[in-house]
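# Structural characterization, general
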Amino acid sequence: MAKILLFLENTLLAEYPLEKMTTHIGRRPNNDIHIDNLAVSGEHAAIVKMGQDYYIEDVGSTNGTTVNGDEIQKHLLQHGDVIELGKHQLKFIVEAVLSHLGTEQKAEDAGFEKTVILKPQVQKAAASEQTPTLAEEAAVAEPQQVVASQVETQIEAPVVKEPALAKIQVLNGASVGRELPLNKAMTTLGKTGLQVAVITKRANGFYVTHVEGKVFPVVNNQSVGAQAHLLHNHDVIEIAGVKMEFLS
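Before going into details, it helps to say that this report is about the structure given with it. (Residues numbered from 1 in each chain as written. Predicted model: local features only at pLDDT ≥ 70, side-chain atom pairs only at ≥ 80, totals over all residues. Heavy atoms only, no water.)

It is worth spelling out the environment of valine 219 at this point. You can see valine 219 is positioned in strand S21 (residues 218–219). Using a relative accessible area of 5% as the deciding quantity, one classes valine 219 as buried. Along the primary structure valine 219 and glutamate 245 are separated by 26 residues, whereas in three dimensions their C-alpha atoms are 9.5 Å apart. If we skip the residues at most four places from it in the chain, valine 219 touches Val208, Val224, His229, Leu231, Asp235, Val236 and Ile237. (Helix = DSSP H or I, 4+ residues; strand = E, 2+ residues; numbered from the N terminus. Buried < 20%, exposed > 50% of the residue type's maximum accessible area, 1.4 Å probe, protein only. Contact = heavy atoms within 4.5 Å.)

Take a look at the structure:
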């Protein structure tokens, strides 16, 4: 089963299982994925299922559709791809488990306002205001469980002072001792459908934030709730039963 996670400025807004042959995306309320933003056309894009594959197609939108930072007309989606419509990001997720370390098994109306046209310089300015997109994954895991995946920025962003190089080290399970450098804009941790969190790299440090699941991330045996939590050296993070030490 595949699904779309809808984000705005690193905040998860909604989750949409891709159960239909065609999933329509746009500003009009009758779309399957409704995005109420003037940069998004009334009928902007569609995700089409063909066999076991899913394709994203731009359907004549005003401002275009990008995947992982590249403008597209039609694109075969891969797990972890990020579709950008205006300031919103739609992350394509395929429910999956890892059979062994690092190997993944992929288990419509008139009367609306006109779309705001973003000229190149405006698009660039808008991109610089939003947080980095999610684009590329690299996993550290034990059987039946995703432990961590890497993501990187695909948009132009303001030059900021980089925080110190940091990493996480797995403390339990089959991957105990494994280290993952936090050298990307955002790193996702956990297991889709159970518990997911992200570690975000910011100018003033690294923050862990809850994304999915009924249980919030735990840091040093204390739940951090739904808000972003600043990490400190040697903090122990627990997500989906996996303990990891933050090292900076």
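It is worth spelling out the pairing of strand S1 (residues 2–8) at this point. Counting buried residues along S1, six of its seven residues qualify, which places the element largely inside the surrounding structure. As paired strands, S1 and strand S11 (residues 88–94) are joined by seven bridges and run antiparallel to one another. Bridge pairing in S11 places isoleucine 4 opposite phenylalanine 92. Of the pairings in the sheet, the one linking S1 to strand S2 (residues 11–17) comprises six bridges and is antiparallel in character. By the bridge assignment for S2, isoleucine 4 is matched with tyrosine 16. In sequence, S1 turns back onto S2 through a hairpin of two residues, with glutamate 9 there showing a positive phi of about 50°. (Pairing = 2+ DSSP bridges.)

Attention now moves to the packing of aromatic side chains. Tallying each qualifying case throughout the model produces two aromatic pairs. Summarising the aromatic geometry, the rings of tyrosine 54 and phenylalanine 92 are spaced 5.6 Å apart at their centres and angled 55° between planes, so their arrangement reads as tilted. On the criterion of sequence distance, the pair formed by tyrosine 54 in strand S6 (residues 53–58) and phenylalanine 92 in strand S11 is long-range, its members being 38 residues apart. Where phenylalanine 206 meets phenylalanine 246, the ring centres are 5.8 Å apart and the plane angle is 55°; that geometry is what we call tilted. (Phe/Tyr/Trp six-rings, centres within 6.5 Å; stacked < 30°, edge-to-face > 60°.)

Another point: the pattern of salt bridges. Enumeration according to the criterion identifies six salt bridges in this entry. The partner of lysine 3 in a salt bridge is glutamate 15, and the shortest N-O contact between them spans 3.1 Å. Of the two residues, lysine 3 sits in strand S1 while glutamate 15 sits in strand S2, which places them 12 residues apart along the sequence. In this structure, glutamate 57 and lysine 74 form a salt bridge, with 3.7 Å as the shortest nitrogen-oxygen distance. In this pair, glutamate 57 sits in strand S6 while lysine 74 sits in strand S9 (residues 74–76), placing the two residues 17 residues apart along the sequence. One network of salt bridges, in which partners are shared, links Lys3, Glu15 and Glu212. (Salt bridge = Lys/Arg side-chain N within 4 Å of Asp/Glu carboxyl O.)

Bear in mind that shape data such as this cannot, by itself, settle questions of function.
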